Amino acid sequence: MSPSYDFDAVVDRRGTWSVQWDGVADRFGVDGLLPFTISDMDFRTAPEVLDALRARIDHGVFGYTDWQQDDFRSAIAHWYATRYGTAIDTGQLVYGPSVLNQLSQLLRMWTGPGDAVVTHTPTYDGFRKAILGLGREMRGVPVGDDAALERELARPDAKVLLLCSPHNPTGRVWTEAELARTAELAAHHGVLVISDEIHADFAHDGYRHVPWTRVADRGPARWALITSGSKSFNFPGLTGSYGLIGDPADRAEYLRRMATAEGLESPAVLALTAHITAYRACGPWLDELRTYIAGNLALVQERLNTAFPELDWRPPQAGYLAWIDLRPLGLDDDALQRVLIEREKVAIMPGGVYDSDGFVRLNVGCPRAKAEAGIDALVRAILSLR
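What counts, and at which threshold
Residues numbered from 1 in each chain as written. Predicted model: local features only at pLDDT ≥ 70, side-chain atom pairs only at ≥ 80, totals over all residues. Heavy atoms only, no water. Pairing = 2+ DSSP bridges. Helix = DSSP H or I, 4+ residues; strand = E, 2+ residues; numbered from the N terminus. Axes fitted to C-alpha atoms, helices over the stretch in contact; angles between N-to-C directions. Contact = heavy atoms within 4.5 Å. 1 Å grid on protein atoms, 1.4 Å probe; cavity = no way out; pocket = protein on both sides within 12 Å on 5 of 7 lines; lining within 4 Å. Points joined across faces, edges and corners; volume = space filled by probe spheres on them. Nonpolar A, V, L, I, M, F, W, Y, C, P; charged D, E, K, R; others polar.

S.K.: What exactly am I supposed to notice about the sheet that holds strand 5 (residues 158-164) here?
M.R.: What holds strands together in a sheet is hydrogen bonding between their backbones, with the strands either parallel or antiparallel. Read from one edge of the open sheet, 7 strands run 2-8-7-6-5-3-4, paired in mixed fashion. Edge positions in the sheet fall to strand 2 (93-96) and strand 4 (137-142), since each has one partner strand and no second. Geometrically, the sheet is characterised by an average inter-axis angle of 25° between neighbouring strands, direction not taken into account. Bridge analysis of strand 5 against strand 6 (residues 192-196) gives 5 bridges, and the strand direction is parallel. Following the sheet pairing, Cys164 is matched in strand 6 by Asp196. Across the sheet, helix 5 (residues 125-133) touches strand 3 (116-121), strand 4, strand 5 and strand 6, and the angle it forms with strand 4 is around 145°.

S.K.: Could you clarify how one ought to interpret the layout of surface pockets in this entry?
M.R.: Over the atoms a probe the size of a water molecule is rolled, and this reveals where empty space is left. Each pocket or cavity is described by its volume, and for the largest pocket that value is around 1300 Å³. Residue assignment for the lining of the largest pocket shows that the elements contributing at least two residues are helix 1 (24-28), helix 2 (47-59), helix 4 (99-110), helix 5 and helix 8 (230-233). If one sorts the elements of the lining of the largest pocket by residue count, helix 1 sits on top with 4 residues. In terms of residue class, the lining of the largest pocket is made up of 21 nonpolar, 15 polar and 11 charged. As a volume, the second largest pocket reaches approximately 310 Å³. Taken together, Thr170, Gly171, Arg172, Trp313, Arg314, Pro315, Pro316, Gln317, Trp323, Asp325, Arg327 and Phe359 make up the full set of residues lining the second largest pocket.

Dropping the structure here:
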């Protein structure tokens, strides 16, 4: 079947206050680099979402808005039922301006200063900022090291397991058996669970995301799933996220804090509009996008392994972030960044941002021509250092 959407179309994002494009100098010290950095995409959102937003704008009134209504709740339930074969309890739903805001609120509720939060390494830098910024201790556990996970959960000051599912930056998709074992370990050691599932909709063919709700009965009674449609449908600039909180008292306390101390009871109406439309009407758009992204990742694999067969790089199980282990090549990270910035004029995230020297993270959520430019620049930079 021929594609229905044009993901090759180039959208000029310069001058739009884009963090990825206009803010590149803040992280890399140089303006005008071709960026492959922060994890948003260069595609317009689904046309159905754009039509719904235009209709809402034409209405012309943007007053205080209620998220606790059936259009929003039922759209989320529909998405989980059709996408994951999972029935959710919509009475467990909560709302927040972003996933990281929800995370911070939950950490304030469930931990105190000096308490430990266990999470996998490499670690999404937003997690580190939230944990350390609240005065908590971050305990890293290598992805796939079950013995280390159990050891850290058993420590008396471990209060919360922060799970990234699928994992950022590696793209790992946890199986249901792995999640069930994790739930059992957390319950055994009395550790609460927060599962960030914002990358869930980007699981690639051969892998299937399992929502935490499917294994929650194996784990601690107190848990939260936090997520958003903004990653999947590329509208993070609208703000807006939601979650499920298992314990009724925790849920009530979360909502109380959001309504009082945080002053965030009323959501952005355009974010609600976008979520409802995406979850009701835009599954076909997302499926074609996933196929297109898989093509970008296949391009990275072909170019990278042709030049450096010793890397044997494989695409991630989920997402549009190519997490590339360059350690077999024995490169100096700083030297590589200098060549990428000064000669190749590209911005590619160094692995040190995620506590993993020797890696880079290349965002290929973009038209194919840009993805090709990025991987070719990386290959040329590496060759120049060997």
